[in-house]
Amino acid sequence: MTNARRPVRSERTPQPMPVVAVTGAAGGVGSALTVRLAASPKVKKVIAIDSRRGDIAGVTWRVADVRDPALGRRLAGVDVVVHADLDLAPDSDARQRRAFNVRGAQTVLTAAAAGRVGRVVLLTSAMVYGARADNPVPLPEDAPLAAEADSSVAGDLLEIEQLARRSPRANPGMAVTVVRPAALVGDGVDTLVTRHFEAPRLLTVKGCAPRWQFCHVDDLTSALEFAIGTGLDGQFTVGCDGWLEQDEVEQISGLKSIELPARLTFGTAQRLHRVGVTPAPAMDLRYVVYPWVTDCAALRTAGWRPRFTNDEVLRVLLDQRKGRHAVAGRRIARKEATITATAAGATVAVIGTAAIVRRARRRHRTDP
């Protein structure tokens, strides 16, 4: 799967002061973006859309479910829609999450076209490129989308991108911009990547050291404001410049890593997921052990620069992890975390559980 278009400045004349609607405005990235746009001199008016009313002042609230076909009526007078209402939580039921994410994006695109909205901005993630041991570092923005089309979060995002690619044919009068942030960090962000740093140790697989690229929520909202103001079309990535090597991450975090063969790691992770021990499928685990660093060339060429560096964002993430404990993406109580760390040699859940199983088998063989 490849990208058909490179990001370009829109050929249509962007309105200097557009009316911008933001979905998911009551929380998470949508809330952060709504706050930023409400204070932006580049935006005439902000329409905040969510299933509940938020507490952000200076915007017009329109309560609506993004899956409701009647959403079009809520987009009256809007020039740009930014669709940020996504469920990316590790604990969400996969079927319900997929239905919400894909149906929401589909409805937003259809409603925007019906309401004669000039442009829709869809948030996905650089996860769509896939995390693989042989990925070039960094990946170019026009690299094939090699994520697995499965029940994972990345699978949801691939479906959303397919909708974006089909939209120009179905709605020729409406531009669609796709924004792919690197691993997000910030208030309200809860993903498998952020939970990886809540574990007692960092998981690595033999033969491949991960490289880490982050994106602070403030940089994402800044990039979105920039894209709206400049009319940047197509698909582009957002993230800190460069990346961190695994040894740099360990030095900054003070966390040690544990290395296991890939076959053992992913095989055990998948078995644990099937029985409900871990929230995410094994394929999601790839995003914390294999690289998926991207070259944010389009924004850089257009004149945008991130405010944060990778090490600064990592420190933000480490500060936010205080008091939280997770193993293989599953949040656990402090007491359980201590027991897990001791019993499994302070390993992550996949490794700890595998070690426990191996020890139990050895005891069984030696018992009279």
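Figured I'd write up the structure that's included with this text. Note that the structure is a prediction, hence the values are computed from the model and not measured. (Residues numbered from 1 in each chain as written. Predicted model: local features only at pLDDT ≥ 70, side-chain atom pairs only at ≥ 80, totals over all residues. Heavy atoms only, no water.)

## Here's the deal with the environment of V43
Logical step 1: Inspection of the secondary structure assignment puts V43 in the loop between helix 1 (28–38) and strand 3 (45–50).
Logical step 2: Residues V43 and P18 lie 25 residues apart in sequence; the distance between their C-alpha atoms is 5.3 Å.
Logical step 3: Leave out the neighbours within four places in its chain, and V43 touches M17, P18, V20 and L37. (Helix = DSSP H or I, 4+ residues; strand = E, 2+ residues; numbered from the N terminus. Contact = heavy atoms within 4.5 Å.)

## What to know about the state of the cysteines
Logical step 1: One pass over the full model with this rule turns up 0 disulfides.
Logical step 2: Left without a disulfide partner, C215 is nearest to the cysteine sulfur of C240, which lies 6.6 Å away.
Logical step 3: Overall, the relative accessible area of 0% leaves C215 in the buried class.
Logical step 4: Free cysteine C296: the closest other cysteine sulfur is in C215, separated by 7.7 Å.
Logical step 5: You can call C296 buried: its relative accessible area is 7%. (Disulfide = S-S within 2.5 Å. Buried < 20%, exposed > 50% of the residue type's maximum accessible area, 1.4 Å probe, protein only.)

## Some points on the pairing of strand 5 (residues 80–83)
Logical step 1: Both faces of strand 5 are covered, namely the face carrying V80 and V82 and the face carrying V81 and H83.
Logical step 2: By the bridge criterion, 4 bridges tie strand 2 (residues 19–23) to strand 5 in an arrangement that is parallel. The partner of V22 across the bridge, within strand 5, is V82.
Logical step 3: With 4 bridges joining them, strand 5 and strand 6 (residues 119–123) adopt parallel strand pairing. Opposite V82, over in strand 6, you have V121 as the bridge partner.
Logical step 4: Chirality of the crossover, the property in question, places the unit of strand 5, helix 3 (residues 94–114) and strand 6 among those that are right-handed. (Pairing = 2+ DSSP bridges. Right-handed = clockwise from strand over helix to strand, strands pointing away.)

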